[in-house]
Amino acid sequence: MAPKSSRVNSLIAKSPLALPATRRAALTQSLNALRNLLLLLFLLRYTRKTYLHLRGYGLLGSITRLRKQIWKQLYTYFLRLPFVQSKVRADVDKAVLDLQTKLVPSGPGVVNYTSLPAKGWSGEDVRKELERLGDMKHTRWEDGRVSGAVYHGGNELAELQADAFKRFGVANPIHPDVFPGVRKMEAEVVAMVLSLFHAPEGGAGVSTSGGTESILSAVLGARQRAYAERGVREPEIILPETAHTAFRKAGEYLNIKVHLVPCPAPSYRVSLSHVKRLLNSNTILLVGSAPNFPHGIVDDIPALSTLALKHRLPLHVDCCLGSFMIAFLAKSGFEAPDFDFHVPGVTSISVDTHKYGFAPKGNSVVLYHSAALRAWQYYICPDWSGGVYASPGIAGSRPGALIAGCWASLMSLGEEGYISHCVQIVGAAKQLEDAVRTSPALKHSLRVIGKPLVSVVAFRSPINAPVDEHLVDLYAVADGMSHRGWHLNALQDPPGIHVAVTLPVARAIGDLISDLEAVVGECRGKTDGTKGDAAALYGVAGALPDKSVVRELAGGFLDTLYKT
């Protein structure tokens, strides 16, 4: 009896729908060839990825990254163990509860409004409540006790900004025919900032809500351009590890791979050799800071420009923090680096007018070398049923009052005012830097990070202190300054503190130095003991290979912001 399979094959062969043997063989051969081709393409794709990774990070760097990834994954599995997870959950919940206790007011006399009043309040009652809210206990930025955060240009300027708000409170630049004055002011603000940063004839820009939106816009424009002109489908950007975290946010939002380049001591500037090795056909943007947020260091923009020009890539310079201070360094008599459109390879710059431009919060500008480059960030929808829709950036409706406040600030201060403020602010930063370098109470325990040129001074513990009694825990210093009423910025990798000098801080710089000397004296030689908030958070964050716990803590903090 013939096997069943043989009978089936015989029946198929005799079927009127069956292909002739030669055609079946040809089809099988074609399918095999297609399969082999797909396999080859797969192997080529991942061979290329492996080659680019090895070229970018080197063999030792790649092994180190792999080791860290394995260790991180193992630690993640450890955290998922039931008895560990319950302990971590309890600690996180306690930390979040402590945050809520500190940030959310409670107790006698505190009223939380979670629904509309049945009857609207009188103007007098609203003003009284606003007064109470403004007088809530807070770190005294007015007395210069807060690093950065509040870029106050003085009471007279604040009153002028309030007048602008009152006059243009309902204005929206999306309707230029309805609010022609706002359109004019916005165009003039962009033009003034372009001029300040030496844009060429034909330079262009867009006003935004802040540095993050300016950076997102520049990255978006670079991605869209690379997609259209070079067919890049797997975009990558290369940036210093000290560049503002908004670039990493852009990477997550826009599905762009981010390469972080080390900024090694002693200069703490971006390593150009690492940038060169990471360049490939998927690179859509190079980034430099002028200065960066953590350490106040200006990257080597001319060298980055040379790379950008050689490889025909756009170069973005982030001046959000440097703002008008770095632009006025030379005219104020300070050493000034090359960083703006004077450098030929620079194609875009982000500038926060709400920092050292002293405009109201919610103002920034992204500048481009040409209008053609700006157009890549535009959004235009020609076939919407609501009509043709176009916006210059991410936002649709925007507050015309903020634009009016920015215009009023720039026109009120003028070059003379900005030069005066630059002398005060950068002069105070130099005073702090000099104290850290030369004061007998500080020079053995602290080291200035790199060579700050603008308004930010960062310091860390010396890598090798002369003797043990000079060692300090920088996070303990941060907590000690906090107990004395100062709000300074704690840093990580390496542990440190930075001070972003503002006009209020400049007026209090002597008190800051005196308190810093006292706190360093109290902390000297005490590297163990009870940990304060900064020491606990950053000490734990630095020690954990998996940052999921830190993410949960940060998420709890964000949730607390909306808790009544």
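None of the values given here were measured: they were computed from a predicted structure. (Residues numbered from 1 in each chain as written. Predicted model: local features only at pLDDT ≥ 70, side-chain atom pairs only at ≥ 80, totals over all residues. Heavy atoms only, no water.)

S.K.: How should the UniProt feature "modified residue: N6-(pyridoxal phosphate)lysine" (unreviewed entry) in the protein chain be read in this particular structure?
M.R.: Under the UniProt annotation, "modified residue: N6-(pyridoxal phosphate)lysine" (unreviewed entry) lies at K355. Looking at where K355 falls in the secondary structure, it is placed in the loop between β6 (346-351) and β7 (364-368). We classify K355 as buried; its relative accessible area is 15%. In contact with K355, other than residues within four places in its own chain, are Y151, C320, L321 and S323. A polar contact of 2.5 Å, which involves the side chain of K355, links it to the side chain of D352. (UniProt positions renumbered as here; feature names shortened; annotations may be inferred. Helix = DSSP H or I, 4+ residues; strand = E, 2+ residues; numbered from the N terminus. Buried < 20%, exposed > 50% of the residue type's maximum accessible area, 1.4 Å probe, protein only. Contact = heavy atoms within 4.5 Å. Polar contact = N/O pair within 3.5 Å; in protein donor to acceptor, adjacent residues only side chain to side chain.)

S.K.: Please clarify how the pairing of β6 should be interpreted in this entry.
M.R.: Most of β6 sits out of view: six of its six residues are buried. Where strand β5 (residues 315-319) and β6 come together, five bridges link them in parallel fashion. Looking at β6, one finds that C319 is bridged to V351. One ladder, built from four bridges, connects β6 with β7; its direction is antiparallel. Across the sheet, residue I349 finds its bridge partner in β7, namely L367. (Pairing = 2+ DSSP bridges.)

S.K.: Can you walk me through the packing of aromatic side chains in this structure?
M.R.: Aromatic ring pairs: the centre-centre distance and the angle between the two ring planes describe each pair. Counted under the stated rule, the structure contains 10 aromatic pairs. Ring geometry for Y113 and W121: centres 5.2 Å apart, planes at 80°, overall edge-to-face. You can call Y113 partly exposed: its relative accessible area is 46%. Among the aromatic residues, those joined into a ring-pair cluster are Y151, F324, F328, Y356, F358 and Y418. We note R65 situated over the ring of Y57; from NZ or CZ to the ring centre the distance is 3.9 Å. Between R145 and the ring centre of W486, over which it is positioned, the NZ or CZ distance is 3.9 Å. (Phe/Tyr/Trp six-rings, centres within 6.5 Å; stacked < 30°, edge-to-face > 60°. Lys NZ or Arg CZ within 6 Å of the ring centre and 35° of its normal.)

S.K.: Explain the sheet that holds strand β10 (residues 447-448) here, please?
M.R.: Hydrogen bonding along the main chain pairs the strands of a sheet, whether they run parallel or antiparallel. Spatial ordering of the open sheet is given by β10-β11-β13-β12, a layout of four strands whose pairing is antiparallel. The two strands at the open ends of the sheet, each matched to only one other strand, are β10 and β12 (489-491). Pairing between β12 and strand β13 (residues 496-500): three bridges, direction antiparallel. Following the sheet pairing, N489 is matched in β13 by H498.

S.K.: When you look at a nonpolar patch on the surface in this model, what are you seeing that I'm missing?
M.R.: Together, L27, L31, L34, L37, L38, L40, L41 and L44 give the surface a local cluster of nonpolar side chains, amounting to about 760 Å² of exposed area. With relative accessibility at 45%, the residue L34 sits in the partly exposed group. (Patch = residues over 30% accessible without salt bridge, like charges linked within 9 Å, V, L, I, M, F, W, Y side chains within 5 Å. Areas by Shrake-Rupley, 256 points an atom, 1.4 Å probe, with all protein chains shown as cover. Salt bridge = Lys/Arg side-chain N within 4 Å of Asp/Glu carboxyl O.)

S.K.: In this structure, what is going on with the sheet that holds β5? I would like to understand it.
M.R.: Taking strand neighbours across the sheet as the criterion, the seven strands line up as β1-β7-β6-β5-β4-β2-β3 in an open arrangement whose pairing is mixed. Edge positions in the sheet fall to β1 (204-208) and β3 (257-261), since each of these pairs with one other strand and no more. The sheet shows a mean angle of 20° between the axes of neighbouring strands, taken without regard to direction. Its contacts with the sheet put helix α10 (residues 301-310) on β4 (283-289), β5 and β6, and the angle it makes with β4 is roughly 170°. (Axes fitted to C-alpha atoms, helices over the stretch in contact; angles between N-to-C directions.)

S.K.: Just checking my understanding: could you explain a positive patch on the surface for this structure?
M.R.: The grouping of R65, R67, K68 and K257 at the surface amounts to a positive patch. Considering every element that reaches the positive patch, the biggest residue donor is helix α2 (residues 21-79), with three residues. Position of K68 relative to the elements: it lies in helix α2. (Lys, Arg positive; Asp, Glu negative; His and termini not counted. Charge placed at Lys NZ, Arg CZ, Asp CG, Glu CD.)

S.K.: What should I look at first to understand the side chain of H421 in this one?
M.R.: Turning to its location among the elements, H421 is positioned in helix α13 (residues 400-438). A relative accessible area of 12% means that H421 is categorised as buried. The contact partners of H421, leaving out residues within four places of it in the chain, are G153, M325, F358, L413 and L503.

S.K.: How should the side chain of T283 be read in this particular structure?
M.R.: Considering the arrangement of structural elements, one finds T283 in strand β4. A polar side-chain atom of T283 sits 3.0 Å from the main-chain amide nitrogen of N280. Look past the residues within four positions of T283 in its chain and what remains in contact with it is R230, E236, I238, L278 and L313.

S.K.: Help me understand the pattern of salt bridges in this model?
M.R.: Pairs may arise between side chains of opposite charge once their charged atoms sit close together. The final tally for this structure, using the stated rule, is 20 salt bridges. Each of R145, R484, D515 and E522 takes part in salt bridges that share partners, so that together they form one network.

S.K.: Which parts of the structure should I look at to understand the packing of α13 against helix α16 (residues 509-523)?
M.R.: Packed helices, taken two at a time, are described by the angle their axes make and the gap between the axes. Two elements in contact, α13 and α16, have axes separated by 10 Å at closest approach and are oriented at 20°. By the angle between their directions, the pair α13 and α16 is classed as roughly parallel. Seen from above, α13 lies across α16 with right-handed handedness. From α13, A428, Q431, L432 and A435 reach across to α16, where they touch I509, L512, I513 and L516. Of the residues assigned to the contact of α13 with α16, the class counts are seven nonpolar, one polar and no charged. (Parallel < 35°, antiparallel > 145°, perpendicular 65-115°, else oblique. Left-handed = near helix turned anticlockwise from the far one by under 90°. Nonpolar A, V, L, I, M, F, W, Y, C, P; charged D, E, K, R; others polar.)

S.K.: Explain the environment of S514 to me, please; I cannot follow it from the model alone.
M.R.: Structurally, the position occupied by S514 is in helix α16. Exposure remark for S514: the relative accessible area of 42% places this residue in the partly exposed category. Through-space distance from the C-alpha of S514 to that of A435 is 9.7 Å; in sequence the pair is 79 residues apart.

S.K.: Please clarify how α10 should be interpreted in this entry.
M.R.: One full turn of an α-helix is made of 3.6 residues, so residues set three or four places apart face in the same direction. Along α10, the positions that sit buried rather than exposed are I301, L304, S305, L307 and A308. Along the axis of α10, the buried positions cluster into a sector of 165°, meaning they face one direction only. In α10, the exposed positions that point more than 90 degrees away from the buried face belong to T306 and K310. Packing partners of the buried residues in α10 comprise α9 (272-278), β4, β5 and β6. Measuring from the side-chain oxygen of the N-cap residue of α10 to the backbone nitrogen of A303 gives 3.2 Å; that N-cap residue is D300. (Arc of directions from axis to C-beta.)

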